[in-house]
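Report on the structure
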Amino acid sequence: MSLVLRRTALFVFIVLMWAFVVAAARASTRDIVPLPGFKPGTIVVKTSERKLYLVLDGRNALRFPVGVGKAGQAWTGLARITGKYVRPAWAPPADIRRENPRLPAVIPGGAPNNPMGQFAMTLGDGTYAIHGTNRPASVGRFVSHGCIRMYNADIRELFSMVAVGAPVIVER
């Protein structure tokens, strides 16, 4: 009987440890921080910090790590969310195709080599987007051609909280 209890206890311990590992892996990397001076619902991207903020109440914001434009590709200014897409396809722009001519004209949504991840929100005329990534190690770096990259769990959360038309402010 004691052997059965020990094995059961070991089994329960292993299952609980596995559950904690899975929960930690799925945990969002966001936190709540003070960010006064912006209207609720505004997205603020601070490229020098490599952080994106979603303003909650005019005093506080959710803060997420992001990958931003590399040297010569970063931009600043005002935009609005103009579209929201789940499993977006990606058509590499001409400048990226010049850098890598072997890229296909379109990479289907959900494909492992699609850099948009599982969710994307286009900005302005669609040249740039806030999106997930197929390369999570790129988040927190100066890596993109101007888009804002997020961990897939973070863009999923942001996607659910932001409406088309939401203002986006990109600062240095």
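See the structure above.
None of these values were measured; they are calculated from a predicted model.

**Description of helix α3 (residues 152-161)**
- Of all the residues in α3, the buried ones are Asp154, Ile155, Glu157, Leu158 and Phe159.
- Residues of α3 that are buried in the fold lie against β2 (43-46), β3 (51-55), β4 (60-65), β6 (77-86), β7 (119-123) and β8 (128-131).

**Here's the deal with the nonpolar core**
- Among the nonpolar cores identified, the biggest contains 24 residues, and Ile43, Leu52, Ile81, Ile130 and Leu158 are the most heavily contacted of them.
- Once residues lying within four places of it in the same chain are set aside, the contact partners of Ile81 are Ile43, Met121, Thr122, Leu123, Ile130, Val162, Ala163, Val164, Gly165, Ala166 and Val168.
- Of all hydrophobic cores here, the second largest spans nine residues; its members include Trp90, Ile96, Ile107 and Ala129.

**Points about the pattern of salt bridges**
- This structure, assessed with the given rule, holds four salt bridges.
- With a closest N to O distance of 2.8 Å, Arg63 and Asp31 form a salt bridge. Of this pair, Arg63 sits in strand β4 while Asp31 is found in strand β1 (residues 31-34), placing the two residues 32 residues apart along the sequence.
- Using a relative accessible area of 30% as the deciding quantity, one classes Asp31 as partly exposed.
- Glu171 is paired through a salt bridge with Lys46; the nearest N and O atoms lie 3.8 Å apart. Of this pair, Glu171 sits in strand β11 (residues 167-171) while Lys46 is found in strand β2, placing the two residues 125 residues apart along the sequence.
- The partly exposed category is assigned to Glu171, whose relative accessible area is 27%.

Definitions and limits used
Residues numbered from 1 in each chain as written. Predicted model: local features only at pLDDT ≥ 70, side-chain atom pairs only at ≥ 80, totals over all residues. Heavy atoms only, no water. Buried < 20%, exposed > 50% of the residue type's maximum accessible area, 1.4 Å probe, protein only. Helix = DSSP H or I, 4+ residues; strand = E, 2+ residues; numbered from the N terminus. Contact = heavy atoms within 4.5 Å. Core = buried A, V, L, I, M, F, W, Y, C linked by side-chain atoms within 4.5 Å. Salt bridge = Lys/Arg side-chain N within 4 Å of Asp/Glu carboxyl O.

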